[in-house]
Amino acid sequence: MSISLQAENVCAAYGKGAARVEVLKGFSLTLRAGEFVALMGPSGSGKSTFLHLAAGLLLPESGTIAVGGQDVTAMGDAAATRFRRRHEGVVFQAFNLLETLTVRENVALPVRLDHGRPDAARVAELVGKLGLAGKEDRLPSELSGGERQRVAIARALYAKPDVILADEPTGNLDAKSSHAICDLLRDLNRTERSAILLVTHDPVVAAAATRVCFLRDGRIAADFATGHDPAAISARYLETYE
């Protein structure tokens, strides 16, 4: 099976001198094509930092991160931005939709930014899959939080990326919407076959994935199949961080 994302010996830190804090210390992770992995850990453990590194939004101090065989850490800002639009789908907790664009326009935004012509059939396919049919011409302000996150996910999927990077995608949602997004991600992982790396602190959300990795002291401390069981994930979490 091919590899969608490969991180090797990644080190990252914030601050300088006495204020320097090491976040990742030789972090390594393999995400295979079509795999759905959750990355968990306490606040400040480096979960979101790694996701931003994988997206080319930050650079590590050392180590490499390859997506679809391309070394993201070797790219400059402009190249990383182009690569992200074409090969990575990024979903943030805050949705990051453009408020002046409709659902249809937000979904097709990556290709517009890449000076391409939107594929109306692809947009319609995603809008339908994500339960947004009939709302294509609405603005984000006319949608619920759950619907806005669905638009963000559709936008991330538009280019059929090598990997979806989801940073606490249910963090701003109520329990019902959060559960719906988890079910949706599982379904999309099966139908779209894009690998998904999901950062979360919630074992219920992590249970949507097939595998979970716990971050501790800047490295993977545990790596196991979820069985889609939040209780089992919670128990292992307590064992790892007690």
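Above this note sits the structure.
Participant: Kindly report on the nonpolar core, identifying the contributing residues and their values.
Facilitator: Ranked by internal contacts, the top residues of the largest apolar core, which has 44 residues, are Val-107, Ile-153 and Phe-214. Looking at this core, the element that brings in the most residues is helix 6 (residues 145-157), giving six residues. Beyond its immediate stretch of four places on either side in the chain, Ile-153 contacts Val-91, Leu-130, Ile-181, Leu-184, Leu-185 and Leu-188. In this structure, Val-67, Val-72, Val-163 and Leu-215 belong to the second largest nonpolar core, which totals 30 residues.

Participant: I'd like a description of the pattern of salt bridges, backed by residues and values.
Facilitator: Counted according to the given criterion, the structure contains 13 salt bridges. For Arg-20, the salt bridge is made with Glu-61, and the minimal N-O distance between the two is 2.7 Å. Taken together, the residues Arg-20 in the loop between strand 1 (3-14) and strand 2 (21-32) and Glu-61 in the loop between helix 1 (47-54) and strand 4 (62-67) connect sequence positions 41 residues apart. Classification of Glu-61 as partly exposed rests on a relative accessible area of 47%. Close ionic contact of Asp-114 with Arg-85 constitutes a salt bridge, the shortest N to O distance being 3.4 Å. Here Asp-114, found in the loop between helix 4 (109-113) and helix 5 (120-129), pairs with Arg-85, found in helix 2 (residues 77-87); they are 29 residues apart in sequence, far enough to count as distant. Of the residues examined, Asp-114 reaches a relative accessible area of 23% and is grouped as partly exposed.

Participant: I'd like a rundown of the sheet that holds strand 2, residues and numbers included.
Facilitator: An order of 2-1-4-5 is seen for the four strands of this open sheet, with the pairing classed as antiparallel. Strands at the two margins of the open sheet, each flanked by one partner only, are strand 2 and strand 5 (70-71). Sitting on the sheet, helix 1 touches strand 1, strand 2 and strand 4, and the angle it makes with strand 1 is about 120°.

Participant: With reference to specific residues and values, describe the side chain of Arg-155.
Facilitator: Of note, Arg-155 is situated in helix 6. Here Asn-96 takes part through its backbone oxygen, which lies 2.8 Å from a polar atom of the side chain of Arg-155. The residues touching Arg-155, leaving out its near neighbours within four places in the chain, are Phe-95, Asn-96, Leu-97, Asn-106, Val-107 and Pro-110.

Participant: Which residues make up the pairing of strand 9 (residues 211-216), and what are the values?
Facilitator: For a regular strand, side chains alternate in direction, first toward one face of the sheet and then toward the other. The buried fraction of strand 9 amounts to five of the six residues, a majority that puts the element mostly inside the structure. Here strand 3 (residues 36-40) pairs with strand 9 via four bridges, running parallel. Paired with Val-37 across the two strands is Arg-211, which belongs to strand 9. Between the antiparallel neighbours strand 9 and strand 10 (residues 219-225) lie two residues, among them Asp-217 with a positive phi of about 55°.

The rules behind the values
- Residues numbered from 1 in each chain as written.
- Predicted model: local features only at pLDDT ≥ 70, side-chain atom pairs only at ≥ 80, totals over all residues.
- Heavy atoms only, no water.
- Core = buried A, V, L, I, M, F, W, Y, C linked by side-chain atoms within 4.5 Å.
- Buried < 20%, exposed > 50% of the residue type's maximum accessible area, 1.4 Å probe, protein only.
- Helix = DSSP H or I, 4+ residues; strand = E, 2+ residues; numbered from the N terminus.
- Contact = heavy atoms within 4.5 Å.
- Salt bridge = Lys/Arg side-chain N within 4 Å of Asp/Glu carboxyl O.
- Pairing = 2+ DSSP bridges.
- Axes fitted to C-alpha atoms, helices over the stretch in contact; angles between N-to-C directions.
- Polar contact = N/O pair within 3.5 Å; in protein donor to acceptor, adjacent residues only side chain to side chain.

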